[in-house]
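# Observations on the three-dimensional arrangement
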Amino acid sequence: MKALVAKDTLTPLLARVSAWSRPCQVHSAPGTVYAVFADEADDGIDSFLGLVTPQRIARFPDRIFADLVPLAPLSAISAGSGLDEVEAHFADQALMALPVMENGRFIGAVTRESLLKTLLRRDRILMRQMQALRENLEADRSRLACWSEQLRSLHEISYGLLDMISHTDDMYALMQAGIESLRKLIGSRYGAIGIVGDGGRLKRFLHAGLDEETVRRIGRLPTGKGLLGEVLRAQDMLRVDDISTDPRHVEFPPHHPPMERLVAAPIAYRGRVLGHVYLCDKESGAPFTDHDALLTLTFANTLASLLVNVEEQARRREAERTASRLLAENQRLSRHLLGVLEEERRFIARELHDEMGQCTTAIQAEAETINALSAGLDPRIHQCASSISDLGSRLYNVVHAMLRRLRPELLDDLGLSEAVRYIVGTWQAHYPHIRCRLRLGEGLDDLDEAIGIVVYRVVQECLTNVARHAQATAIAMRLSRRSRGAYGECLSLLVRDNGRGLTPKRVGLGLVGLRERVETLGGRFSIHSPGQGTRVHVYIPVYQDSNPQADALRSVISG
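Residues numbered from 1 in each chain as written. Predicted model: local features only at pLDDT ≥ 70, side-chain atom pairs only at ≥ 80, totals over all residues. Heavy atoms only, no water.

## Quick notes on the overall build of the protein
Going by this rule: Helical segments are the DSSP runs of H or I of at least four residues, strand segments are the runs of E of at least two, and each set is numbered from the N terminus. Working definition: with a 1.4 Å probe on protein chains only, accessible area under 20% of the residue-type maximum means buried, over 50% means exposed, and in between means partly exposed. We call two residues in contact when some of their heavy atoms are within 4.5 Å.
The secondary structure content of the protein amounts to 14 helices and 16 strands. Taken across its 559 residues, the protein has 38% of its residues classed as buried. Taking all contacts inside the protein whose residues are at least 6 apart in sequence as the whole, residues at least 24 apart take part in 61%.

Structure (structure tokens):
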């Protein structure tokens, strides 16, 4: 509403009169205000003398208008003066009328009554505007509450679909639940989701709102012709208020319920159209609103993200299963290779022991015989025989050292527990300044041969590294069998020292090779050096024929 000014408050009860006329000569309505002019034909500013009110005439009814004009100086306001200024002039109770001038010319008068009527009219207009505004606000508040409730419901639907993802890989069950919820949310009589296959053709059609008997009587589901086919090719929202009048529409099949209105939204993700969401006919009979279309599009976008997420999860799980299968196969092959390698080592060790050992013994015996027979003869013969005997001894020591490297005979003779105790005791005798504490658990001697050899080698390598590099004063070692819950047992080896620590650059080939052998058995090999001291921890699964979860255990420990 524009601001009111003095020009808007002019009284309609105004009569223009000559200064020489008398009130009895002028016929006018009661309450009329008279504008007095010196020359009735000239209404310019110079000829306007003033205003005469009925109250003034009542006091001097026989005088001419020139005598009735107040002697006080003329008080006037401009046509553009605000109502506040007009009201300020009427603060003087004696003032009954006020002339209004525009561009130096008299245009009318404002009376207390006309001002009051204008203010009342303005207040009524303002009240009507405020009432309309309150009604609009109330309608907007109601629509906002309804919209907020719909958004909240859509949010709950989305969370429900997310929860379903964690319990099922069935995308169609996910979509069926989604379209049922959306149909109820918007109040639509029918709903459907069409899934697009290769070539943009409809490969799956899920519907809601049709009972089983109706579906059975309809028979074949839509194939993507007519208006539905046009929707499948669309990339944007589609809203049709009367399906029957749309030129793209084809007749529904027999027994198909009548449908009048349609709203459809694409299920699209990053430019890839997966399908469309359809809603037909609201239960109330009203047309679909912009809010309904927006809710449908929001649901379609949410559904697209969920479907892509389900696809990604399915692909990831399949990749994990493939990787797990390949890892298990690789570990089985590695374990078999390790067994073949140990068998070959055993064969070589046996041959060295049987053949080389006998040969070196025979060489030494022959050398002693030559040495005895050559007494008193050429001293060079005696010297050669002694050299042959010494070389035989050296060859025997070399062969014996090779045998220990190829095959830890202590394992065959003593078992894992006593073999570890022996090498730790021997090591402690050579390095008495390093305090060594050993703890051995039960059941260590009936383990798989490959496990025993690997553990034996790890203990050897750790002791060697501590002696050569750690500069430690103490070392603790614990070897035991530990339960891994439903996955059976593991052999656990923990070696700790208080030395200077281990950096990645100081990790030798020996530890790297042992890590590979541990992982070949499905175990886990970890080295931790926080800055002072080093901690080596080895887990190896104890495989038993009676344990059906050995492969699962292998994967758990390896991971």
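## Some points on the nonpolar core
A general feature of soluble globular proteins is that nonpolar side chains tend to end up buried together. Applied cut-off: What is meant by a nonpolar core is a set of buried Ala, Val, Leu, Ile, Met, Phe, Trp, Tyr and Cys residues, joined one to another through side-chain atoms within 4.5 Å.
One finds Val 455, Val 458, Val 459 and Leu 493 to be the most contacted residues of the largest nonpolar core, which totals 39 residues. Elements with a minimum of two residues in this core: α11 (416-430), α12 (449-470), β13 (474-483), β14 (489-497), α13 (509-520) and β16 (534-542). At 12 residues, α12 tops the list of elements feeding residues into this core. If we ignore the near neighbours within four places in the chain, the residues touching Leu 493 are Val 455, Val 458, Val 459, Met 477, Arg 478, Leu 479, Val 536, His 537 and Val 538.

## Quick notes on the sheet that holds strand β7 (residues 188-196)
Selection rule: Two strands are said to pair when DSSP picks up at least two bridges between them. For helices, the axis comes from a line fit to the C-alpha atoms of the stretch in contact; other axes are also lines fit to C-alpha atoms, and the angle between any two N-to-C directions lies between 0 and 180 degrees.
In spatial order, the strands read β8-β7-β11-β10-β9; together these five strands make up an open sheet with antiparallel pairing. Edge positions in the open sheet fall to β8 (202-208) and β9 (238-240), since each of these has one partner strand only. Each strand of the sheet is rotated relative to its neighbour by a mean of 15 degrees, with strand direction disregarded. Strand direction decides the pairing type here: strand β10 (residues 262-269) and strand β11 (residues 272-282), joined by eight bridges, are antiparallel. Bridged to Ile 267 within β11 is Gly 275.

## Considerations on the sheet that holds strand β15 (residues 524-528)
Pairing is mixed across the open sheet formed by five strands, whose spatial order is β12-β13-β14-β16-β15. Each end of this open sheet is capped by a strand with a single partner; those strands are β12 (435-440) and β15. Put simply, the sheet's adjacent strands are angled 10 degrees from each other on average, direction ignored. Bridge count between β12 and β13: six bridges; the pairing is parallel. Across the sheet, residue Leu 440 finds its bridge partner in β13, namely Leu 479.

## Some thoughts on the packing of aromatic side chains
Using the following cut-off: Each pair of aromatic rings taken from Phe, Tyr and Trp, with Trp reduced to its six-membered ring, is defined by centres within 6.5 Å and is described as stacked if the planes are under 30 degrees apart, edge-to-face if over 60, and tilted in the remaining cases. Charge-over-ring placement is defined geometrically: NZ (Lys) or CZ (Arg) within 6 Å of the ring centre, and within 35 degrees of the ring normal.
Overall, the coordinates contain six aromatic pairs when judged by the stated rule. Ring geometry for Tyr 34 against Phe 65: centres 5.2 Å apart, planes inclined by 45 degrees, an arrangement best described as tilted. Of this pair, Tyr 34 sits in strand β2 (residues 33-37) while Phe 65 sits in helix α2 (residues 65-68), and the two are 31 residues apart along the sequence. One aromatic cluster in this structure is built from Phe 37, Phe 48 and Phe 106. Positioned over the ring face of Phe 60 is Arg 63, at 3.9 Å from the centre of the ring.

## Describing a nonpolar patch on the surface
The line we're drawing: Exposure above 30% relative accessible area and the absence of a salt bridge qualify a residue for a patch, where like charges join within 9 Å and nonpolar side chains (Val, Leu, Ile, Met, Phe, Trp, Tyr) within 5 Å. Note on areas: these come from Shrake-Rupley sampling with a 1.4 Å probe, and a residue is covered only by the protein chains present in the view. Any carboxyl oxygen of Asp or Glu that lies within 4 Å of a side-chain nitrogen of Lys or Arg is treated as forming a salt bridge with it.
On the surface, Ile 363, Ile 388 and Leu 395 cluster together to form a nonpolar patch covering roughly 210 Å² of accessible area. Looking at where Ile 363 falls in the secondary structure, it is placed in helix α8 (residues 290-373). The class for Ile 363 is partly exposed, based on a relative accessible area of 36%.

## As for a positive patch on the surface
For clarity, the threshold we go by: Charge assignment in this entry is limited to Lys and Arg as positive and Asp and Glu as negative, and neither His nor the chain termini are counted. A charged residue contributes its charge at one atom only: NZ of Lys, CZ of Arg, CG of Asp or CD of Glu.
On the surface, Arg 435, Arg 437, Arg 439, Arg 496, Arg 524 and Arg 535 cluster together into a positively charged patch. Looking at which element gives the most residues to the positive patch, the answer is β12, with three residues. As for its position among the elements, Arg 535 is in strand β16. Classification of Arg 535 by relative accessible area gives partly exposed; the value is 34%.

## Thoughts on the pattern of salt bridges
This model, assessed by the stated rule, comprises 14 salt bridges. When the shortest N-O distance is used, the salt bridge between Glu 102 and Lys 7 registers 3.5 Å. With Glu 102 in strand β5 (residues 97-102) and Lys 7 in the segment before β1 (14-18), the pair connects residues that are 95 residues apart, well separated along the chain. Salt bridges sharing partners connect three or more residues here, namely Asp 446, Arg 481 and Glu 489.

## Some details on the side chain of Thr 118
Inspection of the secondary structure assignment puts Thr 118 in helix α4 (residues 112-165). Residue classification places Thr 118 among the buried positions, given a relative accessible area of 2%. Aside from chain neighbours lying at most four places away, what touches Thr 118 is Leu 4, Asp 8 and Thr 9.

## Examining the environment of Ala 97
Along the chain, Ala 97 falls in strand β5. Along the primary structure Ala 97 and Ser 75 are separated by 22 residues, whereas in three dimensions their C-alpha atoms are 9.9 Å apart. Other than its neighbours up to four places away in sequence, Ala 97 contacts Val 33, Leu 51, Thr 53, Phe 90, Val 110 and Thr 111.

## Side note on unusual backbone geometry
Trans peptide bonds make up most of the peptide bonds, and negative phi angles are found at most residues other than glycine. Although it is not a glycine, Asn 103 adopts a positive phi angle of roughly 55 degrees. Considering the arrangement of structural elements, one finds Asn 103 in the loop between β5 and β6 (105-111). Accessibility expressed as a relative area gives 75% for Asn 103, which makes it exposed. Residue Asp 281 is not a glycine yet carries a positive backbone phi of 60 degrees. Structurally, Asp 281 is set in strand β11. For Asp 281, a relative accessible area of 8% corresponds to the buried category.

## Quick word on helix α5 (residues 171-186)
Counted only if it meets this: Given the number of residues in a helix, its expected span is that number minus one, multiplied by 1.5 Å. An arc is given here, and it is the one of the directions from the helix axis to the C-beta atoms.
For α5, which comprises 16 residues, the first-to-last C-alpha distance of 23 Å matches the rise-based estimate of 22 Å (1.5 Å per residue) to within 8%. Along α5, the positions that sit buried rather than exposed are Leu 174, Met 175, Gly 178, Ile 179, Leu 182, Arg 183, Leu 185 and Ile 186. Buried residues in α5, looked at end-on, bunch into an arc of 160 degrees, giving them a common side. Directly after α5, the chain includes Gly 187, whose backbone phi takes a positive value near 80 degrees.

## What about the confidence of the model for the protein?
Caution applies to low-pLDDT parts of the model: their predicted coordinates are not meant to be read in detail. Our working rule: Confidence of the predictor at the level of single residues is given by pLDDT, which spans 0 to 100.
Taken residue by residue, the protein gives an average pLDDT of 78. The fraction at 70 or more is 79%. No element of the protein has a lower mean pLDDT than helix α14 (residues 550-558), at 40, and none a higher one than β12, at 91. Across residues 41-45, confidence stays below pLDDT 50; counting only partners more than four residues off in sequence or on other chains, it has eight contacts. Confidence drops under pLDDT 50 across residues 544-559; counting only partners more than four residues distant or on other chains, this segment forms 31 contacts.

## Considering the packing of α11 against α12
This is how the line gets drawn: Working definition: roughly parallel below 35 degrees, roughly antiparallel above 145 degrees, roughly perpendicular at 65 to 115 degrees, and oblique for all remaining angles. In this scheme the handedness of a crossing depends on how the near helix is turned from the far one: anticlockwise by less than a right angle means left-handed, clockwise means right-handed.
Remark: α11 packs on α12, axes separated minimally by 10 Å, with the N-to-C direction vectors making an angle of 10 degrees. Classified by the angle their axes make, α11 and α12 are roughly parallel. Between α11 and α12 lies a crossing whose hand is right-handed. Only Gly 452, Val 455, Tyr 456, Val 459, Gln 460, Leu 463, Val 466 and Ala 467 of α12 make contact with α11, whose side of the interface consists of Leu 416, Ala 419, Val 420, Ile 423, Val 424 and Trp 427.

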